[in-house]
Amino acid sequence: MLASLKSTNHHVDSRGAEAEACIQVDDLQFTIRRSARRRTMQITVERTGELILSAPPEVGIDQLGDFVSEKRFWIYTKLAEKDRLQRKVPRKEFVGGEGFLYLGRSHRLKLVDDQDFPLKLVNGRFALRPDAQAGAREHFIRWYSEKARVWLSGRVADYQSRMEVAPTGVKVQDLGYRWGSCGKGDWLYFHWKTILLPARIAEYVVVHEIAHLHEPHHTPAFWLRVERAMPDYAQRKAWLAEHGIDVEGI
Ligand SMILES: [Zn+2]
């Protein structure tokens, strides 16, 4: 799967782990989780911003404190990043002149009195019938979903033989914070908003999910497979991590 919000390591492991005390180092507070199965200390920043310090049972409080102090810079960087990624993208109002993305380009919205469809893209503008304005968000999602299904199916067809897979097909839906996922029966799922991304970035999402048909996890073998199909994938991946959040504002 490919998360649209840059997700942090999220190790929730209740078996053998027990929530314990907290440790405070300067302005940072950590929940300590001890686990007998753990050999090393690890800090994770949860989605909520909560800091978890995982450690083997025998590690003393001084050693925990030292470890946290060493990692302080990394923690502040992570927290700042999370803050930036979670900033609110303004919601659309669906009024004339407002811009809407489609394959990386912004198209202005225009209200058009008489047209056959409630919403369409004409001469580089989104044309919306005023009587459809109240349900505009749903019209956009339907429009995006249909375009996404056709476009993404085309890209899957381009890559599937090269990547030696035969996916069952493409389904487009709201996947929450994920761009894509591959499910049972070798179906590929994509979020409808993938079609808002620039083409080369959406193409990376496609290659990423196709590679998962071979390798379910982000192992070195997985990334090698992605790289073989798309040698410059790293740049596209970085772009998505940095800017992907900006396309969520519909
Ligand atoms: Zn993935």
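Residues numbered from 1 in each chain as written. Predicted model: local features only at pLDDT ≥ 70, side-chain atom pairs only at ≥ 80, totals over all residues. Heavy atoms only, no water.

Under an unreviewed UniProt entry, the protein chain has the name M48 family metallopeptidase and belongs to Sheuella amnicola.

**Notes on the packing of helix 4 (residues 199-212) against helix 6 (residues 233-243)**
Packing of helix 4 against helix 6 brings their axes to within 9 Å, and their N-to-C directions diverge by 105°. With respect to each other, helix 4 and helix 6 are oriented roughly perpendicular. Together, Arg200, Ile201, Glu203, Tyr204 and Val205 of helix 4 and Tyr233, Gln235, Arg236, Lys237, Trp239 and Leu240 of helix 6 make up the contact between the two elements. Here the residues of the contact of helix 4 with helix 6 are counted per class, giving six nonpolar, one polar and four charged. (Axes fitted to C-alpha atoms, helices over the stretch in contact; angles between N-to-C directions. Helix = DSSP H or I, 4+ residues; strand = E, 2+ residues; numbered from the N terminus. Parallel < 35°, antiparallel > 145°, perpendicular 65-115°, else oblique. Contact = heavy atoms within 4.5 Å. Nonpolar A, V, L, I, M, F, W, Y, C, P; charged D, E, K, R; others polar.)

**Some words on the packing of aromatic side chains**
In the structure shown here, the tally under the stated rule is 14 aromatic pairs. Pairing Phe94 with Phe100 gives two aromatic rings, centres 5.5 Å apart and planes at 20°, and the pair type is stacked. Neither Phe94 nor Phe100 differs from the other in exposure class; each is buried. Aromatic side chains Phe100 and Phe126 sit 6.3 Å apart centroid to centroid with 80° between the ring planes, which places their arrangement in the edge-to-face category. Pair noted here: Phe100 is in strand 6 (residues 99-102) and Phe126 is in strand 9 (residues 125-128), with a separation of 26 residues, a long-range link. What makes Phe100 buried here is its relative accessible area of 1%. A network of ring pairs unites the aromatic residues Phe94, Phe100, Tyr102, Phe126, Phe140, Trp143, Tyr144 and Trp192 as a single cluster. Taking NZ or CZ as reference, Arg155 lies 4.8 Å from the ring centre of Trp151, over its face. (Phe/Tyr/Trp six-rings, centres within 6.5 Å; stacked < 30°, edge-to-face > 60°. Buried < 20%, exposed > 50% of the residue type's maximum accessible area, 1.4 Å probe, protein only. Lys NZ or Arg CZ within 6 Å of the ring centre and 35° of its normal.)

**Let's talk about the pairing of strand 11 (residues 178-182)**
Sheet topology note: the strand 11/strand 12 (residues 187-191) ladder contains three bridges and is antiparallel. Directly across from Gly180, in strand 12, lies its bridge partner Phe190. Counted between consecutive antiparallel strands, the loop separating strand 11 from strand 12 contains four residues, among which Gly185 sits at a positive phi close to 70°. (Pairing = 2+ DSSP bridges.)

**A look at helix 1 (residues 61-70)**
Residues of helix 1 that are buried: Leu64, Gly65, Phe67 and Val68. Buried positions in helix 1, seen along its axis, are confined to an arc of 165° and lie on one side of it. Turned more than 90 degrees from where helix 1 packs its buried face, Asp62 and Glu70 sit exposed. (Arc of directions from axis to C-beta.)

**Focus on the nonpolar core**
Counting 47 residues, the largest nonpolar core has Phe126, Phe140 and Tyr144 as the members making the most contacts within it. Those elements that place two or more of their residues in this core are strand 6, strand 9, helix 3 (136-160), strand 10 (169-173), strand 12, helix 4, helix 5 (220-229) and helix 6. Ranked by residues supplied to this core, first place goes to helix 3 with 10 residues. Among all residues touching Phe140, those that are not within four sequence positions of it are Phe94, Phe100, Leu109, Leu119, Phe126 and Ile250. By size, the runner-up hydrophobic cluster in this structure holds 16 residues, among which are Phe30, Ile32, Val59 and Phe67. (Core = buried A, V, L, I, M, F, W, Y, C linked by side-chain atoms within 4.5 Å.)

**Considerations on the confidence of the model for the protein chain**
The pLDDT averaged across the protein chain works out to 87; a share of 89% of its residues lies at or above 70. Least confident of the elements in the protein chain is strand 1 (residues 2-3), whose mean pLDDT is 62; most confident is strand 9, at 98. Below a pLDDT of 50 lies the segment residues 5-19, which in the model reaches 32 contacts outside its immediate sequence neighbourhood of four places, other chains included. (pLDDT = per-residue confidence, 0-100.)

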